[in-house]
Amino acid sequence: ALVSGSPPYSRVPPKDLGVLVVKRSAEQAPAPERWVAAEGAPDLESGSLARPTNAWWTNFVLGQGASEMENGNGFAIPFILWPHKQGVSACLPFVLAQANQIENGFDSTITFVTLGAADVPVGHRVARHDPLSVSLQWGNGTAKDTRQAPRLTVPIVRGSPYLTMEYESATPFFDSPQQLDPQAGFSVDGMPASCPGTHTGRKFEVVLVQSDETWSIWSSQNVTVGCQTDGALLKAKSPITGVWRAAVTNNCTFGRSAFHCRKSPPADPEPARYAEVLEEHRLTYPVGAEIDMHAKGDDAAVRIHWMTKRMPSDEPAVNRLPQPPLLMAAMEHHRTLGLCSGGGSELKHLPGVFHRNINGALSLVAANEWLLPYALLPISWHSAHGIADLHRAALITALQEDSNWEVPQNYVTGAGDPYNAGKMLSRLGVLALIAEELGEKEITSKLAKHLTSLVETYASGNAQNKFVYDGSWGGYISCGCLYDDCRPKGCNPNGAPPGTCMCSPDQAYCKNEAPPGGVCPTTTDPGLDFGNGFYNDHHFHWGYHIFGAAVAAKLDPAWAKRNRERLLLYARDIANPSKEDAHFPVWRHKDWYTGWSWAAGIALGGGKPYRNGRNQESTSESINAYFGLQLLGDALGDDNMRDWGRAALASEVVAAQTYWQMTSDSTVYPEILRKKTLIGILWQNLAQYQTWFGGSPYMVHGIQMIPFTQASEFYLQPKWVNESMEVGAEDCDRSGACEIDGWSTLFVMQRAILNPSKAWELANALPSHSFSGEAPAGNGNSRTATLFWIATRPTAAGLASRFIHPSGTLPLAPGMNAIAWPRYPSCLALPRFGDESPPPLPAPN
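Residues numbered from 1 in each chain as written. Predicted model: local features only at pLDDT ≥ 70, side-chain atom pairs only at ≥ 80, totals over all residues. Heavy atoms only, no water.

With respect to the overall build of the protein
Selection rule: The helix count covers DSSP runs of H or I at least four residues long, the strand count covers runs of E at least two residues long, and both are numbered beginning at the N terminus. Categorising residues by exposure relies on relative accessible area from a 1.4 Å probe, with only protein chains included: less than 20% of the type maximum marks a residue as buried, more than 50% marks it as exposed, and the intermediate range marks it as partly exposed. In what follows, a contact means two residues having at least one pair of non-hydrogen atoms within 4.5 Å. Here, Shrake-Rupley sampling with a 1.4 Å probe gives the accessible areas, and only protein chains in the shown set may cover a residue.
Check the secondary structure of the protein and you find 19 helices and 36 strands. A buried classification covers 63% of the 845 residues belonging to the protein. For the protein, restricting intrachain contacts to residue pairs at least 6 apart in sequence, the fraction spanning at least 24 positions comes to 70%. Roughly 29700 Å² of accessible area belongs to the protein as shown, and the carbon and sulfur atoms make up 51% of that amount.

Notes on the pattern of salt bridges
Charged atoms that come close allow side chains of opposite charge to pair. Rule in force here: We define a salt bridge as a contact between a side-chain nitrogen of Lys or Arg and a carboxyl oxygen of Asp or Glu at a distance within 4 Å.
What the rule picks out here adds up to 28 salt bridges. Its salt-bridge partner being glutamate 166, residue lysine 309 comes within 3.1 Å of it at the nearest N-O pair. On the criterion of sequence distance, the pair formed by lysine 309 in strand β21 (residues 299-310) and glutamate 166 in strand β12 (residues 163-170) is long-range, its members being 143 residues apart. Relative accessible area serves as the criterion here: at 14%, glutamate 166 is assigned to the buried category.

With respect to the sheet that holds strand β33 (residues 681-683)
Here is the rule we go by: The rule for pairing is simple: two strands pair if DSSP sees at least two bridges between them.
With antiparallel pairing, five strands are arranged side by side in an open sheet as β6-β7-β34-β33-β32. Among the strands making up the open sheet, the edge pair consists of β6 (94-97) and β32 (615-616). The sheet contact formed by β6 and strand β7 (residues 101-105) spans four bridges and is antiparallel. The residue bridging valine 95 from the neighbouring strand is asparagine 104, located in β7.

Description of the state of the cysteines
Basically, it comes down to this: Criterion for a disulfide: a pair of cysteine sulfur atoms at a distance within 2.5 Å.
All chains considered together, the criterion is met by six disulfides. The partner cysteine of cysteine 195 in its disulfide is cysteine 227, sulfur to sulfur 1.8 Å. Between cysteine 195 and cysteine 227, the S-S dihedral sits near -100°, and the bridge is therefore left-handed. With cysteine 195 in the loop between β15 (191-192) and β16 (197-207) and cysteine 227 in strand β17 (residues 214-228), this residue pair connects regions lying 32 residues apart in the sequence. Each disulfide pairs two cysteine sulfurs, and for cysteine 479 the partner residue is cysteine 520, the sulfurs being separated by 2.1 Å. One quick way to see it: the torsion about the S-S bond of cysteine 479 and cysteine 520 is about -100°, and its sign makes the bridge left-handed.

Some points on the environment of lysine 561
Here lysine 561 is to be found in helix α9 (residues 557-575). Overall, the relative accessible area of 71% leaves lysine 561 in the exposed class.

Remarks on the nonpolar core
Filter applied, for reference: Throughout this description, the term nonpolar core refers to a set of buried Ala, Val, Leu, Ile, Met, Phe, Trp, Tyr and Cys residues connected via side-chain atoms within 4.5 Å.
Ile156, Trp306, Trp370 and Tyr669 are the most contacted members of the largest nonpolar core, which has 233 residues in total. With near-sequence residues (within four places) excluded, tryptophan 306 lies in contact with Leu132, Val157, Arg158, Gly288, Ala289, Leu326, Met328, Ala367, Asn368, Glu369, Trp370 and Tyr593. Counting five residues, the second-largest nonpolar core is a separate cluster that includes Ala301, Leu371, Cys827 and Leu830.

Looking at empty space enclosed by the protein
Defined as follows: Only protein atoms enter the calculation, which uses a 1 Å grid: trapped sets of points that fit a 1.4 Å probe without letting it out are cavities, open sets showing protein on both sides within 12 Å along at least five of seven lines are pockets, and any residue with an atom within 4 Å of a point is a lining residue. Grid points are joined across faces, edges and corners, and a volume is the space filled by probe spheres set on the points.
On inspection of all chains with the given rule, the structure shows seven cavities of 30 Å³ or more. Roughly 400 Å³ of internal volume is contained in the largest cavity. Lining the largest cavity are 29 residues, and of these Val430, Phe708, Thr709, Gln710 and Ala785 lie nearest its centre. Contributing elements (two or more residues each) for the lining of the largest cavity: α6 (418-438), α8 (538-555), α17 (743-751) and α19 (783-791). Here the element with the most residues in the lining of the largest cavity is α6; it accounts for six residues.

Here's the deal with the packing of helix α18 (residues 756-765) against α19
As a reminder, the rule being used: To define axes, lines are fitted to C-alpha atoms, for helices over the stretch in contact only, and angles between the resulting N-to-C directions are given on a 0 to 180 degree scale. The cut-offs work like this: below 35 degrees is roughly parallel, past 145 is roughly antiparallel, 65 to 115 is roughly perpendicular, and the gaps in between are oblique. Following the grouping adopted for this structure description, the nonpolar residues are Ala, Val, Leu, Ile, Met, Phe, Trp, Tyr, Cys and Pro, the charged ones are Asp, Glu, Lys and Arg, and the polar ones are all others, Gly among them.
For the pair α18 and α19, interaxial distance at closest approach is 9 Å and the crossing angle is 170°. Comparing the axis directions of α18 and α19 gives the class roughly antiparallel. Every residue of α19 that contacts α18 at Pro756, Ala759, Trp760, Ala763 and Asn764 is listed here: Arg783, Thr786, Leu787, Ile790 and Ala791. Among the residues forming the contact of α18 with α19, the class breakdown is seven nonpolar, two polar and one charged.

Some thoughts on α18
Put simply, the rule is: Directions are taken from the helix axis to each C-beta atom, and the arc is the one they span.
Buried within α18 are the following residues: Pro756, Ala759, Trp760 and Ala763. Taken around the axis of α18, the buried residues stretch over an arc of 105°, which confines them to a single face. In α18, the exposed positions that point more than 90 degrees away from the buried face belong to Ser757 and Ala765. For α18, the secondary structure elements touched by its buried residues are α4 (389-402), α17 and α19.

Notes on the pairing of strand β4 (residues 80-84)
Of all five residues in β4, five are buried, a share of seventy percent or more. The pairing of strand β3 (residues 74-75) with β4 spans two bridges and is antiparallel. Bridging from a neighbouring strand, glycine 74 pairs with leucine 81 of β4. Two successive antiparallel strands, β3 and β4, enclose a turn made up of four residues, where isoleucine 77 displays a positive phi of approximately 70°. Across five bridges, the pairing between β4 and strand β5 (residues 87-91) is antiparallel. Its bridge partner lying in β5, isoleucine 80 is registered against cysteine 91. Count of turn residues in the β4/β5 antiparallel hairpin: two residues.

Below you can see the structure in the form of structure tokens.
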């Protein structure tokens, strides 16, 4: 399906569905001084009532008070940026690697620069945004005002190797705490110039001592600037209406940089390899991006259409020059996929490494439109290879027992947190699909009724922990339940001695009163419900609910039709593809430039945003969310949702295999970290071998596998599993908590990828409590699901693979048309938007 200017899944206001609308306190609502559009008012450009909570740039608008705060940074790539009082500060990060982590080092004290306007009011606001950009504005008025008060607009776009400043009757400046190099520190229009001093020109070049960087600054018009050396400063002598652009044209100018020079200082100066290219492409700058997608069969093209402007000039000769294509930076996975051109334009890729950060090497690409070619995972409701006959009888026996599993009472009444509730809905959904594939109609029907009843409890608003609409940020959140297992009926829970006032489970209740009489505790406590009220991990939480809802909808279409709009709220919250749905942000989590999603929401640390930026921990739960989206679209007959789910799923798998998983031949991370084989948490400025709940290897590895679904077939490749499995599994064997908490079930399932017979033996020996409702890692799994995964492995008895893996270890089914995996569609074979494409992008030298 062509999804261009993608239609929304729904436009129905949540309140029209009977969903309670809540407003947050001023401390937890969007800070009004950070947005051009007022809270609750539609965005001036998109018309949206929602604010992005998990975007790569959300740190720019979090926190109260000071507007100059390096904690409020965003890694725009290649620059780390943070708002200054009257502009934007920037740093080109350097890589620092240790045994358990690698970070984007940046010095917010000395080695940074600031571009801005000297006469605009202090404080930035968001003027416009889209999934890949945000424009910050300083100055009075709205985006539609034409008044000539000083105003500065800074369009910040993913992957731009330049900083761009748009001035309206404002006075530009370039500032840094660093010193100018005493010999070659300053030039104007290519000629050496004295500093301190006053000079007039259109191009200024600054060489900074501490960072060893050369910065080029281009002005759209002839401008007179004053220059000083101790704390480098260029400041225009009068306001302009025009554009300044700046870029680092050399980060090892005199061989002094301990971080960017190829050799340790003192080293030979390195040539400015990209100075000419940056000069050539300076006239075209990005102001935003549009995302759409075209899917056909098992191939998809995700299109990034870069929205551009031409830099104005007061030189007629420059205005007669043809407009160059946009110059942007490409990441590691872009080169692996092979970028394709779009819009009938050429895509030119430059050889070599432009810059390195914790995500690997960047290279430069010149094109106004990118097509990202994705092979969609050939999966649907059931197993890819079928069930081994040898294990069918044992599976049915396990299924019969697990179909009687009782959901804990607090989740039956909907009092539990949405994360674990979703895992239990997903558990029932998986069992129902297994029963369907086994042909056990009676059990399928039984599980379907149980599942639809529970899904409806949560989705219909009848749960004790109600799901509400946040009218401040624009999102679907849990209200929160302060759970008490003893109702004050015949006893006094607040005054009774411990252990003397116990009521039956069906008397449990939520102590807090929901609005309008009370306040949703999730909007004040970022730790409650795993941060759901602060938009933490929404795609994890709602992903499980979406999966359960999808299975329920498949098995009971009439029920799905009655509950359709309520079920769509989950999908609209995490994966709204269209600004026409004004009630939710477009793609709350998904970063289509990096390929992965951001889990972190609006919670602060010590009243400030986290200095390391946004983060995501569990890629497997992110993968599960988009697989659920695919299935829900299929169940509801929404091809648009199904195809977006498939594309987001493919993107997330590629990103996870590139930036989380590490094989011995991976090139993203240095060797000191590759030995770990896996990243636990990936921040914008930090990659850690760690989880939020502990640093044990079994935790780090386990959280990147939960839950096992059909998508795990492609995410957990044999080569990586072969190198990584024992790191986590051996640690699990040493820890009793690994089995008690249910993590051991995941390592058994992982082992089945290489040795299903051994895994079958281990699975049958797992204790029942590993799958209990009290096991945090096992409560969404079941013995049946574990055995089913093993029985459907392509090396299980009687089965063969449909897929050729690079290791070549899996046998192929006789006469079957094998699919090589991973598979990368060629540009020529890609579903077309009606334009030609060049060859794929090569890896940098």
